[in-house]
Amino acid sequence: MSVSAAFLGVEASLTGRRWVGPPVEVDRAAEAIAQQTDLPRPVAQVLARRGVDAADAAAFLEPSLRDLLPDPRSLRDMEKAAGRFLAAVRSRQRIAIFADYDVDGGSSAALLIVWLRTLGMQATLYIPDRIDEGYGPNDEAMAALAAKHDLIICVDCGTLSHGPIAAAKGADVIVLDHHLGSETLPEALAVVNPNRQDEDGALAHLCAAGVVFLMLVEAGRQMREAGAKGPDLMALLDLVALATVADVAPLVGVNRAFVRQGLRVMARRDRPGLAALADVARMDTAPSSYHLGFLLGPRVNAGGRIGKADLGARLLATDNEHEASAMAERLDMLNTERRDIEAAVRAAALEQASERGFDAPLAWASGAGWHPGVVGIVASRLKEKANRPAIVIGVEDGIGKGSGRSVSGIDLGAPIQRLASEGLLIKGGGHKMAAGLTVAEDKIDAAMERLGELLAKQGADTIGAADLRLDGTLMPAAATVPLCEHIEQAGPYGAGASGPRYAFADMQVFFAKRVGENHLKVSFGDAGGTRMEAIAFGAFDTNLGPAIEQHGGARFHLAGRLDINTFRGRQSVQLRLEDAARA
């Protein structure tokens, strides 16, 4: 098979990547879409890359829940789950919500709490401590909840919790989850999960909050059939959008509509918790998927990572502005603390993994005292560095708690479950792109060796350096605010739907300065004299920052994504610089 020529001739960029332009057939399709729809060429390019033709362009650019929402009853146990939930509501039974400590778990819990509050009901929220209890239901907590509640709803967890659910004697248990299921299910009243082994996978892209939302849709349907009216579900979509983006769920199908509609709801600032969080994050523009993933999500997660586990969920659920403001301030402080802890663990993990080399099918590192709340983030950084699945494990008192992240095309969740079934892990699970595990310290080496063998069978050891995929070239004069607004119409962008990335060829660097700890601010322009600003986050973690800061008059090809930057009410286009190569 012939390999196409590198885009702009860049075989090895400053970050070591080969630049790859759009395939010829995508360019042709984009040209046809532009001619038939009068859409700007960059928008047509995005549609062509996503496999959308001219006839479907209008529907794609305005994703609606009416068109894309699946029938909740297409998921097994859904009718039973919604029916039992409504029976508890009608009888004013005691309901407990057992949630995971991340954004998806917190958003899922908040969805139920807010929905119930609309009908004058309260629920007990229980989120396990990451360090003391670990992920998911445990026997002691479930037994205690069952003693005081009639119904326990496990959100974003529970699919693999056979023992703890059996311990919940005297209460019914409903599981609303999306993590990969095993061949047997726990003995819950209902397990609603698009990633059960007996599901067809058509809704495998849903996060847990998406599953909870579908259960509330089904509950609303059953209420209407009984002649009653349920709460307004559209007003809850900001929570679904936040969870979908923060949990890195693919932005395809109904997830596109969840996020697009949810961002509109969020822009109204009706939810005190999200409004307060946006304020402490200094968001001064309408929310986008970028804000959800990089500004709001990490702050909600900070409580579960290094602080009080239920802080994020309580922030999302509260209807009290003063309470929301205090919690948002606390989460912002915890997020700053989390960044400091993460930086120390990241440096040690990268050094250790580098010594092992990045040619193996798995990049991994473990260390005593590494905070379990940051190992997942560090695993993401390690994955990006190695372009391999990565595991990072923190060890305390002879027990390792780890988190893993995978690359496109390599399933990490299934091999982790396999390791647990083979006795190499105390427990483990997840989905294709992310997983968690608990392992005895003396089994870490053996477990990682076996995991590498399983990943090699999927070809993880043959992945080369990551290519940088580009959608074309732009000149600074063409990078306008209206163009950015047109491109945003083809969003939202994120996992499974990457935003367009452009190259600015043969640019002169006028100004380059290090800002913050490791970021780079750049001013560049073309021979015609048009200038443009750029920001490169984390530039000094690679060769990118030093090379451009000390440019010595050299010209560069610059690659990245376009952002609208707002300063004192004035909008301008800024390049989020991701890579560069000498021209």
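Report on the accompanying structure. Note that this is a predicted model, so its numbers are computed, not measured.

Its boundaries defined by the atoms lining it, the second largest pocket holds a volume of some 360 Å³. Taken together, 16 residues form the lining of the second largest pocket, with Arg-224, Pro-231, Asp-232, Leu-233 and Met-234 sitting closest to its centre. Of all the elements in the fold, those that place two or more residues in the lining of the second largest pocket are helix H4 (65–68) and helix H9 (208–225). The element best represented in the lining of the second largest pocket is H9, accounting for five residues. Of the residues contributing to the lining of the second largest pocket, the split by class is nine nonpolar, three polar and four charged.

Before going further, it helps to spend a moment on the pairing of strand S9 (residues 399–405). The side chains of a regular strand alternate, first on one face of the sheet and then on the other. As judged from the seven bridges shared by strand S8 (residues 390–396) and S9, these two strands associate in the antiparallel manner. Within the sheet, the bridge partner assigned to Val-395 lies in S9 and is Gly-400. Two successive antiparallel strands, S8 and S9, enclose a turn made up of two residues, where Asp-397 displays a positive phi of approximately 55°. Pairing of S9 with strand S11 (residues 434–440) involves seven bridges; the strand directions are antiparallel. Within the sheet, the bridge partner assigned to Ile-399 lies in S11 and is Ala-440.

Another aspect to go through is helix H15 (residues 321–356). Taking 1.5 Å as the rise per residue, H15 with 36 residues should run 52 Å; its terminal C-alpha atoms sit 50 Å apart, in good agreement. For H15, the capping residue at the N-terminal end is Asn-320, with a side-chain oxygen 2.9 Å from the backbone nitrogen of His-322. The positive-phi residue at the C-terminal boundary of H15 is Gly-357, with phi of around 90°.

Moving on, we come to empty space enclosed by the protein. Scanning all chains against the criterion turns up one cavity of 30 Å³ or more. Asp-100, Tyr-101, Asp-102, Val-103, Gly-106, Ile-127, Val-300, Asn-301, Gly-304, Ala-309, Gly-312 and Ala-313 together form the lining of the largest cavity. Those elements that provide at least two residues to the lining of the largest cavity are helix H6 (103–118), helix H13 (289–306) and helix H14 (311–317). When residues in the lining of the largest cavity are grouped by element, the largest group, three residues, is from H13. In terms of residue class, the lining of the largest cavity is built from six nonpolar, four polar and two charged.

The next point concerns the pattern of salt bridges. Evaluated as defined, the whole model comprises 34 salt bridges. Between Arg-49 and Asp-471 there is a salt bridge, with its nearest N and O atoms 2.7 Å apart. You can see Arg-49 sitting in helix H2 (residues 41–49) and its partner Asp-471 sitting in the loop between strand S12 (468–469) and strand S13 (472–473), a full 422 residues away along the chain. Here the residues in one salt-bridge network are Asp-71, Arg-73, Glu-79, Glu-218, Arg-221 and Glu-225, joined through shared partners.

For the rest of this paragraph, the subject is the packing of aromatic side chains. All chains considered together, the criterion is met by five aromatic pairs. Aromatic pair Phe-85 and Trp-115: ring centres 5.1 Å apart, planes at 45°, arrangement tilted. You can see Phe-85 sitting in helix H5 (residues 78–90) and its partner Trp-115 sitting in helix H6, a full 30 residues away along the chain. Seen from their ring centres, Phe-504 and Phe-524 are 5.7 Å apart, and the 65° between their planes marks the pair as edge-to-face.

In this section: the packing of H15 against helix H16 (residues 375–386). Two elements in contact, H15 and H16, have axes separated by 9 Å at closest approach and are oriented at 40°. Relative to H16, the element H15 is oriented oblique. Here H15 and H16 pass one another in a crossing that is right-handed. Counting all contacts with H15, which are made through Arg-338, Glu-342, Val-345, Arg-346, Ala-349, Leu-350 and Ala-353, the residues of H16 involved are Ile-377, Val-378, Arg-381, Leu-382 and Lys-385. Taken together, the residues of the contact of H15 with H16 break down into seven nonpolar, no polar and five charged.

Trans peptide bonds make up the majority, and among non-glycine residues the majority have a negative phi. Residue Gly-491 is joined to Pro-492 through a cis peptide bond whose omega torsion reads 5°. Considering the arrangement of structural elements, one finds Pro-492 in the loop between helix H19 (481–489) and strand S14 (502–515). Even without a glycine there, the phi angle at Arg-282 is positive, about 55°. Mapped onto the secondary structure, Arg-282 falls in the loop between helix H12 (272–280) and H13.

Across a sheet, paired strands are connected by hydrogen bonds in the backbone, their directions being either parallel or antiparallel. Taken together, the five strands give an open sheet; going across it, the order is S7-S8-S9-S11-S10, and neighbouring strands pair in mixed fashion. Edge positions in the sheet fall to strand S7 (363–368) and strand S10 (427–430), since each of these pairs with one other strand and no more. Each strand axis lies, on average, 15° off the axis of its neighbour in the sheet, ignoring direction.

Below, the discussion takes up the side chain of Arg-501. You can see Arg-501 is positioned in the loop between H19 and S14. What makes Arg-501 buried here is its relative accessible area of 12%. At a separation of 2.7 Å, a polar atom in the side chain of Arg-501 contacts the main-chain carbonyl oxygen of Arg-469. Side-chain polar atoms of Arg-501 contact the side chain of Glu-578, separated by 3.0 Å. Beyond its immediate chain neighbours, meaning those up to four positions away, Arg-501 contacts Leu-468, Arg-469, Leu-470, Asp-471, Gly-472, Gly-560, Arg-561 and Glu-578.

Thresholds, definitions, all that
- Residues take numbers from 1 onward in each chain, read along the sequence in its written order.
- Local features in this predicted model are restricted to residues of pLDDT 70 or higher, and side-chain atom pairs are both shown and tallied only at a pLDDT of 80 or more, whereas totals for entire chains, interfaces and linings draw on every residue.
- Heavy atoms throughout the structure, all of them, feed into the side-chain values; hydrogens and water do not.
- Put simply, the grid is 1 Å and covers the protein atoms alone, a cavity is a trapped set of points that fit a 1.4 Å probe, a pocket is an open set with protein on both sides within 12 Å along at least five of seven lines, and lining residues have an atom within 4 Å of a point.
- Grid points are joined across faces, edges and corners, and a volume is the space filled by probe spheres set on the points.
- Helical segments are the DSSP runs of H or I of at least four residues, strand segments are the runs of E of at least two, and each set is numbered from the N terminus.
- Under the scheme applied here, ten amino acids are nonpolar (Ala, Val, Leu, Ile, Met, Phe, Trp, Tyr, Cys and Pro), four are charged (Asp, Glu, Lys and Arg), and all others, including Gly, are polar.
- A pair of strands is considered paired only if DSSP assigns at least 2 bridges between the two.
- Take the residue count of a helix, subtract one, and multiply by 1.5 Å to get its expected span.
- Think of a polar contact as two N or O atoms within 3.5 Å of one another; within protein, one of them needs to be a possible hydrogen donor and the other a possible acceptor, and neighboring residues in sequence only count if both atoms come from side chains.
- Salt bridge criterion: a side-chain nitrogen from Lys or Arg within 4 Å of a carboxyl oxygen from Asp or Glu.
- Any pair of Phe, Tyr and Trp rings, taking the six-membered ring for Trp, is counted once the centres come within 6.5 Å. Such a pair is stacked with planes under 30 degrees apart, edge-to-face with planes over 60 apart, and tilted for the rest.
- Only the stretch in contact is used when fitting a helix axis, every axis being a line fitted to C-alpha atoms; angles between N-to-C directions are given from 0 to 180 degrees.
- Should an angle fall under 35 degrees it is taken as roughly parallel, and over 145 as roughly antiparallel, whereas 65 to 115 is taken as roughly perpendicular and any remaining angle as oblique.
- Note on convention: near helix rotated counterclockwise from far helix by under a right angle means a left-handed crossing. Clockwise means right-handed.
- A contact between two residues is defined here by any heavy atoms of the two lying within 4.5 Å.
- Three exposure classes are used, based on accessible area relative to the maximum for each residue type with a 1.4 Å probe and protein chains only: buried under 20%, partly exposed in between, and exposed over 50%.

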